[in-house]
Amino acid sequence: MLLKTTNRNSNTLSICESGTYTAQYNDMTLTSVYQPIFDSNNKKIGLESLVRFFDKEGINIPANLIFHNSNTSEIDLVNISNLCRMIHIHNFSIARKRNKKNWMLFINLSPICCEDVAVGNVDDFFSKKYLKSMNIKPNKIVIEFVESPYDSNYILGVASRTLKKLGFNVAYDDFLDNDSDYKRLAHIKPEIVKMDMALLNKYMDGNERPLIRALKSAKIIGAKTLIEGIEDNESLTAMKKLGFDYYQGYFLGRPGPLTPT
């Protein structure tokens, strides 16, 4: 059964002692963590939502064993993605209300979920009614198109346009200096391009061309730029000199829960 409505998904939610929402799927528990994103003035402007999986014994399951596993069915991938969005939005809404911050929420969207969005079969979690109940406006949510392999860039482009019409911002996650990335970029036309940490590492090792080329390509389409993988002050200083708009990495802040209490 596909969990595409808030009513169906709410039956899998629970609140832990800290006051945050978790979700159950099969024998797994899903929890939210968030990594901060900063602008060039070191002001926190948003949070990227990430999921943590735990088995029934409470042992962490690496996310790639779920999302990049041929044994995970398409139905399970869609259901898990929907549950992730729900707990991320719920927890973000609670923390945002208590902290009275105007942060943006970055949420991943796997290509397999883009098919429904492209044909107009948008689930409840993208509806203005649902977001209004969470006291969040669509323009405060950034939908990240992840870099997972997918056959149709056209479908991704249609999904991107649909989300923009609904008022969301769109980002392209983990951008690399590959032909496939540039082709996908042309279809998605995101408001934000998130440069992969690999480009940063190449730049710091002396191979500057790939990152500079990617940066120029993003600016040509009018997109804001975000550099991932900032792990020391040296790389932060270098990226600021290049003129990135946003910054993310362990040096600035590690992923962690938003505890409302």
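The structure under discussion appears in the preceding block.
Residues numbered from 1 in each chain as written. Predicted model: local features only at pLDDT ≥ 70, side-chain atom pairs only at ≥ 80, totals over all residues. Heavy atoms only, no water.

### Structural notes on the pattern of salt bridges
Reasoning step 1: Within the structure shown, the criterion is met by five salt bridges.
Reasoning step 2: The closest approach of N and O atoms between Asp 173 and Lys 194, which form a salt bridge, is 3.9 Å. Placement of the pair is Asp 173 in strand E8 (residues 169-175) and Lys 194 in strand E9 (residues 192-195), with a sequence separation of 21 residues.
Reasoning step 3: The residue Arg 213 makes a salt bridge to Asp 177 at a minimum N-O spacing of 2.3 Å. Of this pair, Arg 213 sits in helix H9 (residues 209-220) while Asp 177 sits in the loop between E8 and helix H7 (179-188), and the two are 36 residues apart along the sequence.
Reasoning step 4: When salt bridges that share partners are traced, they join Glu 48, Glu 144, Asp 173, Lys 194 and Glu 228 into one network. (Salt bridge = Lys/Arg side-chain N within 4 Å of Asp/Glu carboxyl O. Helix = DSSP H or I, 4+ residues; strand = E, 2+ residues; numbered from the N terminus.)

### A short note on the nonpolar core
Reasoning step 1: Core analysis: the largest hydrophobic core is formed by 45 residues, its most contacted members being Leu 30, Ile 89, Phe 145 and Leu 163.
Reasoning step 2: Per-element tally for this core: the top contributor is helix H3 (residues 74-99), with nine residues.
Reasoning step 3: Beyond its immediate stretch of four places on either side in the chain, Leu 30 contacts Thr 22, Ala 23, Tyr 25, Val 51, Arg 52, Phe 53, Ile 80, Leu 83, Cys 84 and Ile 87. (Core = buried A, V, L, I, M, F, W, Y, C linked by side-chain atoms within 4.5 Å. Buried < 20%, exposed > 50% of the residue type's maximum accessible area, 1.4 Å probe, protein only. Contact = heavy atoms within 4.5 Å.)

### A few points about helix H4 (residues 111-118)
Reasoning step 1: For H4, the complete set of buried residues consists of Pro 111, Cys 113, Cys 114, Val 117 and Ala 118. Looking straight down H4, one finds that the buried residues subtend no more than 145° of arc, so they occupy a single side.
Reasoning step 2: Elements in contact with the buried residues of H4: H3, strand E6 (104-109), strand E7 (141-145) and helix H6 (153-165).
Reasoning step 3: Following H4 by one or two positions, Gly 120 has its phi on the positive side, about 90°. (Arc of directions from axis to C-beta.)

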